[in-house]
Amino acid sequence: MAESEAVMKVEDTSAASKATEPTPSKKDGDAETENIEELEMKGLKIVENVDDIVDEPGHIKSEELIEPETIKKVVADDTPYTSAKSFEDLNLSQELLQGLYSEMKFEKPSKIQAATLPMIVSPPYQNLIAQAHNGSGKTTCFVLGMLSRIDPQLKAPQALCVCPTRELVNQNEEVVTRMGRYTGITTASTATVETPSHLYSSRREKIVDQLVIGTPGTLKRWITKDKALDTRNIKILVFDEADQMFDQDGFQDDSLRLWRDINRSGKSCQVLLFSATFSEKVKSFAMKTIPKANYIFVEKEQLSLDVIRQYQIVCPDSRSKIDVLKNRIFPAAEKLGQSIIFVRTRGAASELHKCLEEDGHKCTSIQGGLTHEERDRVIKEFRAGETKILIATDVLARGFDQAQVTLVVNYDIPVKNTSNRHAYAEPDYETYLHRIGRSGRFGRKGAAFNLLVTQEDKRIMRSIEQHFNRNVPEVAWDNEEGIEHVLKDAGLA
DNA sequence: AAAAAAT
């Protein structure tokens, strides 16, 4: 099927940004990934430097830079995509441009946007699997993609965006609403509380909104059971946090099902996969599954955002983890901004919440066991800055974008679920990266503390260091000034 | 045993 595809590769670098939006930088790179090698083995031809993205180096202030990174772009056919140097290059409607400039306050495309947007918005509307750093402007890519492909005259669902959590659905809908403010495009979301009393009541009215955002379960029900979501006119399907959406241990079944339903009913539908992480397993599954796709990938070593300073704190016992949090981290953190404390289980979240509150620390917690209303309220308060400390399970590990978050604490180090209880716990590299990526949004500074107790904790931490090829320095748990000093060093205090 | 979504 792909025997005669010409493939081209672009090497470029990405950098961080100002408060509102990433600004790119330029540097040469010549790294090959397994991914590229795999493609070569499949007989695909790699063409060097067909397209290059050039930026004015003087444009970037040094403190805005993330470490230079290499992005691999692989194009599935011989379409000669030119990187978008400005949003005007993309043939967007006036209304959409107005949204970008006056509502979003964007000036020009970020590096990832420059590379992906032409592939998304121009014919033949090729499928895309794209990996880009946390906080590099991925959301803009797919939201702009969806908005630009919708026919404002046609009052029917034309774009669908699938997300792993309710919180992400809300956040993405917010971006859609803002960016699309002048287009008149309407949206529907599964997170909109329809009838609070009967949560799982079926939806009777047909959806006439043009852009639909949701979690997989409810979307599936809207399509198959309720027959409220007509998929015949859907021409673009987006998976946010796509590696989770295509992971066997995640939402793979639901995602494939949704995609199949749309393919059956409609004409050709463009599929976009976006995430900061793709494990080798999910990456090869996605590449096998999504036909004729363009690819954008980043090497794992390059993904670790070096603007986020990472530290490990070895604690003598699990009891002392709380003390470190209360006596060392909080006093320093409270002057900074907002913090998210990640724990492994729902129970641990409410337990830690209770424990900290009894000790007079104002905080809230969020996990999937809460009601939707409770979750919405906790997020609303945190967004408003009314709460500074938020305890969370991995419901918030991905995508949650709050600029004021400067500190992430891995109270429990992330491990993969293993069905074999005798096996060694396996580090969850992807979750680790997503969690620490909640700080340092758009190139701002951030810090992450990993609290370790057992030998297994330490082993997992070492694996994480090796995986991203980064040294994570240790801070003594009982050192009075250790934490404060380290935060100063991170440019935070 | 488990985050998440949802039945």
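Quick caveat: nothing in here was measured; it's all calculated off a predicted structure.

S.K.: Could you give me a rundown of the nonpolar core, with the residues and numbers involved?
M.R.: Counting residues in hydrophobic clusters, the biggest one holds 78 residues, and the most contacted among them are Met146, Met179, Leu211 and Leu396. Taken domain by domain, this core gets at least three of its residues from each of domain 1 (68–192 + 205–298) and domain 2 (303–490). The contacts of Met179, once residues within four sequence positions are left out, are Leu96, Gly99, Leu100, Met104, Phe106, Thr140, Val143, Leu144 and Leu147.

S.K.: Outline the pattern of salt bridges, listing residues and values.
M.R.: Taken as a whole, this structure holds 22 salt bridges when the rule is applied. Lys321 is paired through a salt bridge with Asp412; the nearest N and O atoms lie 3.3 Å apart. You can see Lys321 sitting in helix H11 (residues 318–333) and its partner Asp412 sitting in the loop between strand S15 (405–410) and helix H14 (429–436), a full 91 residues away along the chain. Exposure class is identical for Lys321 and Asp412. Each is buried. For Lys416, the salt bridge identified is with Glu426, shortest N-O distance 3.6 Å. With Lys416 in the loop between S15 and H14 and Glu426 in the loop between S15 and H14, this pair connects stretches of sequence that are ten residues apart. We classify Glu426 as partly exposed; its relative accessible area is 43%. Ionic contacts of the salt-bridge type, sharing partners, join the residues Glu103, Arg178 and Arg181 into one network.

S.K.: Explain the sheet that holds strand S11 (residues 308–314) to me, using residue names and the numbers behind them.
M.R.: Within a sheet, each strand pairs with its neighbour through backbone hydrogen bonds, oriented either parallel or antiparallel. In spatial order, the strands read S11-S16-S15-S12-S14-S13; together these six strands make up an open sheet with parallel pairing. Sheet topology places S11 and strand S13 (364–366) at the edges, where each strand pairs with a single neighbour. Along the sheet, successive strands turn relative to each other by an average axial angle of 20°, direction set aside. Where S13 and strand S14 (residues 389–392) come together, three bridges link them in parallel fashion. Each bridged residue has a counterpart across the sheet, and for Thr364 the counterpart in S14 is Leu390.

S.K.: I'd love a proper account of unusual backbone geometry, names of residues and values included.
M.R.: In this structure, Pro124 follows Pro123 across a cis peptide bond, with omega equal to 5°. Tracing the chain through its elements places Pro124 in the loop between helix H3 (111–121) and strand S4 (127–131). In this structure, Lys105 is a non-glycine residue whose phi angle is positive, near 65°. Judged by its relative accessible area of 52%, Lys105 is exposed. Notably, Lys227 is not glycine yet its phi reads approximately 55°, a positive angle. Checked against the element boundaries, Lys227 lands in the loop between helix H6 (216–224) and strand S8 (236–240). For Lys227, a relative accessible area of 56% translates into the label exposed.

S.K.: Go over the packing of aromatic side chains, please, and point to the residues and values.
M.R.: Two measures describe an aromatic ring pair: the distance that separates the ring centres and the angle between the ring planes. As enumerated under the stated definition, the model contains eleven aromatic pairs in all. Through pairs of rings, three or more aromatic residues link up here, namely Phe87, Tyr101 and Phe106. Across from the ring centre of Phe297, 4.7 Å away, lies the NZ or CZ of Lys283, which sits over that ring. A cation over a ring is seen here: Lys321 above Tyr411, with NZ or CZ 4.7 Å from the ring centre.

S.K.: Explain the layout of surface pockets residue by residue, including any values.
M.R.: Its volume calculated, the largest pocket comes out at about 1100 Å³. Residue lining of the largest pocket: 31 residues in total, with Gln244, Asp249, Asn417, Asp428 and Thr431 positioned closest to the centre. Among the elements of the structure, helix H7 (242–245), helix H9 (280–289) and H14 are those that each provide at least two residues to the lining of the largest pocket. It is H14 that contributes the most residues to the lining of the largest pocket, three residues altogether. Residue composition of the lining of the largest pocket, grouped by class: seven nonpolar, ten polar and 14 charged. Counting contributing residues per domain, the lining of the largest pocket is built from domain 1 (68–192 + 205–298) and domain 2 (303–490), each supplying no fewer than three.

What counts, and at which threshold
Residues numbered from 1 in each chain as written. Chains lettered and ligands numbered in written order. Predicted model: local features only at pLDDT ≥ 70, side-chain atom pairs only at ≥ 80, totals over all residues. Heavy atoms only, no water. Core = buried A, V, L, I, M, F, W, Y, C linked by side-chain atoms within 4.5 Å. Buried < 20%, exposed > 50% of the residue type's maximum accessible area, 1.4 Å probe, protein only. Domains from an automatic or database assignment. Contact = heavy atoms within 4.5 Å. Salt bridge = Lys/Arg side-chain N within 4 Å of Asp/Glu carboxyl O. Helix = DSSP H or I, 4+ residues; strand = E, 2+ residues; numbered from the N terminus. Pairing = 2+ DSSP bridges. Axes fitted to C-alpha atoms, helices over the stretch in contact; angles between N-to-C directions. Phe/Tyr/Trp six-rings, centres within 6.5 Å; stacked < 30°, edge-to-face > 60°. Lys NZ or Arg CZ within 6 Å of the ring centre and 35° of its normal. 1 Å grid on protein atoms, 1.4 Å probe; cavity = no way out; pocket = protein on both sides within 12 Å on 5 of 7 lines; lining within 4 Å. Points joined across faces, edges and corners; volume = space filled by probe spheres on them. Nonpolar A, V, L, I, M, F, W, Y, C, P; charged D, E, K, R; others polar.

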